[in-house]
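Spelled out, the chains give:
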Number of protein chains: 2
Amino acid sequence: MKRWNIAITGFGAIGKAVAQIIREREQHYRELYAADIRIVAVCGSRAGLIDHDGLPWGTDSALPLQPGVTGAGFIEGSHANVLIEAGPTNFETGGSGYTYIRQALSQGMHAISISKGALVFDYAGLADLAKANGVQLKISGATSAALPTIDLLQYNLAGCQVLEVEGILTATTNFVLSKMMDGMSFDDAVAEAKRLGIAEPDPRFDVEGWDTACKVNILANAGFGARLKLQDIPRDGIDQISPADIQRWKAEGVVPKLIGRIQNDGGNTKASVELKTYPLDHPFSQVTARMKAIRVNTDVMGEITAIGVTSPLATAAAALKDFEHLLMAAHR
Amino acid sequence: MKRWNIAITGFGAIGKAVAQIIREREQHYRELYAADIRIVAVCGSRAGLIDHDGLPWGTDSALPLQPGVTGAGFIEGSHANVLIEAGPTNFETGGSGYTYIRQALSQGMHAISISKGALVFDYAGLADLAKANGVQLKISGATSAALPTIDLLQYNLAGCQVLEVEGILTATTNFVLSKMMDGMSFDDAVAEAKRLGIAEPDPRFDVEGWDTACKVNILANAGFGARLKLQDIPRDGIDQISPADIQRWKAEGVVPKLIGRIQNDGGNTKASVELKTYPLDHPFSQVTARMKAIRVNTDVMGEITAIGVTSPLATAAAALKDFEHLLMAAHR
């Protein structure tokens, strides 16, 4: 039985869902990988808890978090093998997630990032650091979660040349566009998305296209070895759409989608965020509400499309898929 | 530089496509995996060729095949590390593919099967043999090729409980059904599918549902650890559909699909081949002509759908995706 110690930074809805699923899968990990999985450390922005034998979960999964057990020293003190970073995203500085991931990789811990900030800020630097330390940096949770994106590029299409990627990568924009095509105003659709917990309290990050831009930025750099910066990515939003646009699209029988796009032309990789329209019989036209999708065009496998849904639980499960791939590799 | 020797059994259109892609990717394998890949042996049913330094490809990719270099002794004589089996399918006896795969696994070679016969005949026996010999048995090419199916279950959804799988897994039946909904007769649609090289000269294997049954059989056994036999799988075909059925479906605004289905209820795994209809806004309804699709319902990741195309090149590329996963694991 091999012991794996896990630290979780960022302990909001997603971080808690990660912990919950890990605990539900304890037996699964033992049986499939002969692995004894313990969560030994969690922290939020102000408090945390470390117990090297495994955290003392209460009956309602509550933890006696201690103020100040966070930030500098937390990673080193955790004695963990794997960091799962689920904190808030800051793509201008990388935020605290960037510091945690750098510390973890430097100490020979694998890192699984759900938050996008650190990856947008410096994916290449983190990937180099992981390589130098012989550990893995995994990013499924940061790139559309349950929808296979980076997996699709790196695993399902292994060996193929990927020529183009197009994705509906942000649930909020897809939800709002769907509602607008059903006759709702932009403001009402955004309010509805907030009410349902799809949109953040400040929805600008999504509706201005930043969320999609972050995701194609990470996918281009991780999947194609590009070195794009966020400012290299031309970006449409959905906040400029007028009622006249909606009427015209309906009249033309097309469906608008905010798309993240990567074009790979012989090593020259470009990314963009574009408002595009699709005919009704295109698979993307059926991708409504909380769904996401990705379409990949390859040299020898033709076109592959994947469609998935979005939820905090699915995002947590995507990070734990990454974790399970570490277990698979170690158990082989 | 690690040397990998490959043997290919079955040297028709697919086997030749496999060889062609391997040769095109020589540089790719060297750069990514420090692997020197040589095809050292190929055989069809009557002739073959072995050269331990790598086969002497002519300028037009022709090979001087020698009569009798096939069958018993071929695998042992090949001194290969990996077998790629692309021969004809015989799901009643396993056919020659079964013998080749057994010999390969017994000798410590990895086996990648594109043909379904051996896997339908005895997947569990072959998987046990692979495990006992510390090698891998890979099956992407046998389970809908470019469409991720077994990958999806074992890799992209790692850790999830898969509750149900539904797939449009046979290109011929999907093509014929699509044409019938466009007004063509069954016979004309089958003739058209043959003319385009989608259907086999004897299309009964496809239109009676056997091809889909074989694929769900393999997926259920490989993906869920079931021990189903082909006769355990209730099976619809598309050869009994009447013009009245077509008219009724059109009037109802639904689309017919021949579906392979797996239901997984707490370790009890059932498989079936069913003729089902879907509303126009279901993703499956847009999956026409040569396309295939799979929809997987999970506990924590919700529903994932993948859509892909079919071609001999894509099938060969799927087997080489399997091969590349072996290289990835060895190179780690």
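Residues numbered from 1 in each chain as written. Chains lettered and ligands numbered in written order. Predicted model: local features only at pLDDT ≥ 70, side-chain atom pairs only at ≥ 80, totals over all residues. Heavy atoms only, no water.

What counts here: UniProt positions are given in the numbering used here, feature names are shortened, and annotations may be inferred rather than shown by experiment.
As annotated in an unreviewed UniProt entry, chain A is Homoserine dehydrogenase from Halopseudomonas laoshanensis. You can read under Sequence similarities (unreviewed entry) in the UniProt record for chain A the words "Belongs to the homoserine dehydrogenase family." Word for word, the UniProt comment on chain A under Catalytic activity (unreviewed entry) is "L-homoserine + NAD(+) = L-aspartate 4-semialdehyde + NADH + H(+)".

## Topic: the overall build of chain A
For clarity, the cut-off: Elements are defined by DSSP. Helices are runs of H or I of four residues or more, strands are runs of E of two residues or more, and each kind is numbered from the N terminus. For the radius of gyration, the atom set is restricted to C-alpha positions; the globular benchmark scales as 2.2 Å times the number of residues to the power 0.38. Any residue under 20% of the maximum accessible area for its type is buried, any over 50% is exposed, and the rest in between are partly exposed; the area is computed with a 1.4 Å probe on protein chains only. We call two residues contacting when some pair of their heavy atoms lies within 4.5 Å. Values of accessible area rely on a 1.4 Å probe in the Shrake-Rupley scheme; residue burial ignores everything except the protein chains shown. Under the convention used here, Asp and Glu are negative, Lys and Arg are positive, and both His and the chain ends fall outside the count. To locate a charge, take atom NZ for lysine, CZ for arginine, CG for aspartate or CD for glutamate.
Scanning chain A for helices and strands turns up 12 helices and 12 strands. Its C-alpha atoms give chain A a radius of gyration of 20 Å, within 12% of the compact-globule value 20 Å for 332 residues. Across its three principal directions, the C-alpha atoms of chain A cover 65 × 45 × 35 Å. The buried share among the 332 residues of chain A stands at 58%. A sequence separation of at least 24 residues applies to 69% of the contacts in chain A between residues at least 6 apart. Looking at chain A as shown, the accessible area adds up to about 13,000 Å², and 47% of this sits on carbon and sulfur atoms. In chain A, the 31 positive side-chain charges and the 36 negative ones have mean positions that sit 2 Å from each other.

## Examining the interface of chain B and chain A
In many reports, interface size means the accessible area that the parts give up when they come together. For the record, the criterion: Once two parts are brought into contact, the accessible area they lose, counted with a 1.4 Å probe and summed over both, makes up the buried area. Salt bridge, as used here, is a side-chain nitrogen of Lys or Arg placed within 4 Å of a carboxyl oxygen of Asp or Glu.
Taken together, the contacts link 38 residues of chain B with 38 residues of chain A. The junction of chain B with chain A conceals about 3,200 Å² of combined surface from both sides, 61% of it contributed by carbon and sulfur atoms. Of all residues in chain B, the largest losses of buried area upon contact with chain A belong to B:Tyr155, B:Val300 and B:Met301, amounting jointly to 21% of the total for that side. Taken together, the connections running from chain B to chain A amount to 0 salt bridges. For the side of chain B that touches chain A, the secondary structure elements donating two or more residues are α6 (150–156), β12 (303–308) and α12 (312–331) of chain B.

## A short note on the nonpolar core
To be explicit about the condition: To qualify as a nonpolar core, a set must consist of buried Ala, Val, Leu, Ile, Met, Phe, Trp, Tyr and Cys residues joined through side-chain atoms within 4.5 Å.
Counting 112 residues, the largest nonpolar core has A:Leu137, B:Ile8, B:Ile22, B:Ile37, B:Ile84 and B:Phe323 as the members making the most contacts within it. Here the element with the most residues in this core is α12(B); it accounts for 10 residues. Not counting chain neighbours up to four residues away, the residues in contact with B:Ile8 comprise B:Gly15, B:Val18, B:Ala19, B:Ile39, B:Ala41, B:Val42, B:Cys43, B:Phe74 and B:Ile84.

## Here we look at unusual backbone geometry
Residue and element names in this part refer to chain B. The backbone phi angle of Ala-34 is positive, close to 50 degrees, even though this residue is not glycine. Relative to the assigned elements, Ala-34 resides in the loop between α2 (26–33) and β2 (35–43). Positive phi, close to 55 degrees, is recorded for Ala-289, a residue that is not glycine. Counting through the fold element by element, Ala-289 comes out in the loop between β10 (268–279) and β11 (292–298).

## Looking at the pairing of β10(B)
All names here are of chain B. Stated precisely, the cut-off is as follows: Note on pairing: two strands pair once DSSP finds at least 2 bridges between them.
Across 12 bridges, the pairing between strand β9 (residues 254–265) and β10 is antiparallel. What sits directly across from Val-254, in β10, is Pro-279. Hairpin geometry of β9 and β10 is characterised by an intervening segment of 2 residues between the two adjacent antiparallel strands and by a positive phi of about 55 degrees at Gly-266.

## Considerations on the UniProt feature "domain: Homoserine dehydrogenase catalytic" (unreviewed entry) in chain A
Under the feature "domain: Homoserine dehydrogenase catalytic" (unreviewed entry), the UniProt entry names residues 148–322 of chain A. From the first C-alpha to the last, residues 148–322 of chain A spans 11 Å; its make-up is 39% helix and 25% strand.

## Considering the side chain of A:Thr143
Checked against the element boundaries, A:Thr143 lands in the loop between β7 (137–138) and α6 (150–156). For A:Thr143, a relative accessible area of 1% translates into the label buried.

## A word on the packing of helix α5 (residues 117–132) of chain A against helix α10 (residues 210–224) of chain A
Residue and element names in this part refer to chain A. Applied cut-off: Fitted lines through C-alpha atoms give the axes, limited to the stretch in contact for helices. The angle between two N-to-C directions lies from 0 to 180 degrees. Every angle not falling under 35 degrees, over 145, or within 65 to 115 is termed oblique; those three ranges are roughly parallel, roughly antiparallel and roughly perpendicular. Should the near helix be turned anticlockwise from the far one by less than a right angle, the crossing is termed left-handed; should it be turned clockwise, right-handed.
One can describe the packing of α5 onto α10 by two numbers: an axis separation of 9 Å at closest approach and a directional angle of 20 degrees. Judged by the angle between their axes, α5 and α10 are roughly parallel. The crossing of α5 and α10 is left-handed. Residues Leu-119, Val-120 and Tyr-123 of α5 touch α10, and the partners they reach there are Cys-214, Asn-217, Ile-218, Asn-221 and Ala-222.

## Structural notes on the UniProt feature "binding site: NADP(+)" (unreviewed entry) in chain A
Residues and elements named next belong to chain A. Cross-referencing UniProt, the feature "binding site: NADP(+)" (unreviewed entry) maps to Gly-10, Phe-11, Gly-12, Ala-13, Ile-14 and Gly-15 in the present numbering. In this fold, Gly-15 is placed in helix α1 (residues 13–24). Not counting residues within four places of it along the chain, the set of residues in contact with Gly-15 comprises Ile-8, Gly-10 and Ala-86.

## A word on the pattern of salt bridges
All chains considered together, the criterion is met by 32 salt bridges over all chains. Across the pair B:Arg204 and B:Asp202 runs a salt bridge whose closest N-O atoms are separated by 2.8 Å. B:Asp202 gets classed as partly exposed once you look at its relative accessible area, which sits at 38%. Sharing partners across several salt bridges, the network here consists of A:Glu164, A:Glu166, A:Arg261, A:Glu274, A:Lys276, A:Arg295 and A:Glu303.

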